[in-house]
Amino acid sequence: MTILALDGVTAGYGTTTVLRDVSLSVGTGQIVAVLGANGAGKSTLLRTAAGTVVPSAGRVRLDGADATRHPPYRRARRGLCLIPEGRGIFRGLTVEENLRLQIPRGASLGEAVERAVAVFPALRERLKTTAGTLSGGQQQMVALARACVTDPKVLLIDEVSMGLAPIVVDEIFAALRGIAATGVAMVLVEQYVGRALEFADTAVLLRKGRVSYEGPSAELDERVVLRDYLGVGE
Ligand SMILES: Nc1ncnc2c1ncn2[C@@H]1O[C@H](COP(=O)(O)OP(=O)(O)OP(=O)(O)O)[C@@H](O)[C@H]1O
């Protein structure tokens, strides 16, 4: 079942158009990787899905309903969660306080903590630690754990591996796979093409704001992606 779809979206900032006629869809438990060179519009695509950028043409559908004009908070309520580049956690608060701020109505802190540490066991010992003092990888785990607490239907994840050691990235991707296995859909913007292709079911390649490929990631080769679709090295 399709959870999130962009249909022919054109969007940008002021008079600058960044995305042109972009379509993408992601279903329950499915992982879509969005790849593209710097400035191709990957973050803008996630922001358009999340509602912080409003398209000038095209539609955004969330969980079967038209959400094109819905503000970000309404989309969040319908199960959409954006994890921005830079993680978007409260660095001055403890891990537990970060989780507390995400608790949905009717849920308890205990439930939220259990849900978070089930995905990231390493956080259990660090619940009282100030988030800003954690390693980069642990901060990323807090960001993802906060998202899990909201019981999302679709996660939009921007450059989850940014600045992290490969071994930490492995751990985070393994956790993401576990989250997807529970039926959560994911749209992942990733700089490591090889890793993204391995991880995702589908790849969407963006070149100068247009989709240059959409299809099974298994059919793509990292070198071909970089050369033919993204124009890296031209
Ligand atoms: N808030 C903004 N206001 C104006 N222009 C912006 C804004 N954010 C991004 N842009 C411009 O939109 C274009 C696409 O940026 P975007 O961040 O979506 O690309 P990206 O593919 O995510 O790139 P990167 O890998 O560098 O993050 C760029 O030319 C960028 O300068």
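The present account deals with the structure reproduced in this document. (Residues numbered from 1 in each chain as written. Predicted model: local features only at pLDDT ≥ 70, side-chain atom pairs only at ≥ 80, totals over all residues.)

1. Considering helix H1 (residues 42–50)
Working step 1: Of all nine residues making up H1, nine are buried, and the element is well covered by its neighbours.
Working step 2: Among the residues of H1, those classed as buried are Lys42, Ser43, Thr44, Leu45, Leu46, Arg47, Thr48, Ala49 and Ala50.
Working step 3: Note on H1: the residue one or two positions beyond its end, Gly51, has a positive phi of about 100 degrees. (Buried ≥ 20, exposed ≤ 12 C-beta atoms within 10 Å, placed from the backbone. Helix = DSSP H or I, 4+ residues; strand = E, 2+ residues; numbered from the N terminus.)

2. What about the site of the ligand?
Working step 1: Around the ligand, the neighbouring residues are Tyr13, Thr16, Val18, Gly36, Asn38, Gly39, Ala40, Gly41, Lys42, Ser43 and Thr44.
Working step 2: Only strand S2 (16–27) and H1 provide two or more residues apiece to the shell around the ligand.
Working step 3: Considering every element that reaches the shell around the ligand, the biggest residue donor is H1, with three residues.
Working step 4: Of the residues contributing to the shell around the ligand, the split by class is three nonpolar, seven polar and one charged. (Near = placed C-beta within 6 Å. Nonpolar A, V, L, I, M, F, W, Y, C, P; charged D, E, K, R; others polar.)

3. Points about the sheet that holds S2
Sheet strands pair via backbone hydrogen bonds, and the direction of the pair is either parallel or antiparallel.
Working step 1: Sheet architecture is open: four strands sit in the order S2-S1-S4-S5, paired in antiparallel fashion. Each edge of the sheet is formed by a strand with only one pairing partner; in this case those strands are S2 and strand S5 (65–66).
Working step 2: Two elements, strand S1 (residues 2–13) and S2, share eight bridges in a ladder whose sense is antiparallel. Each bridged residue has a counterpart across the sheet, and for Thr2 the counterpart in S2 is Gly27. (Pairing = 2+ DSSP bridges.)

4. As for the sheet that holds strand S10 (residues 210–216)
Working step 1: A sheet is described by the order of its strands in space; here six strands give the open sequence S6-S7-S8-S3-S9-S10, paired in mixed fashion. Each edge of the open sheet carries a strand with a single partner, namely strand S6 (80–83) and S10. Adjacent strand axes in the sheet meet at a mean angle of 15 degrees, parallel and antiparallel pairs treated alike. (Axes fitted to C-alpha atoms, helices over the stretch in contact; angles between N-to-C directions.)

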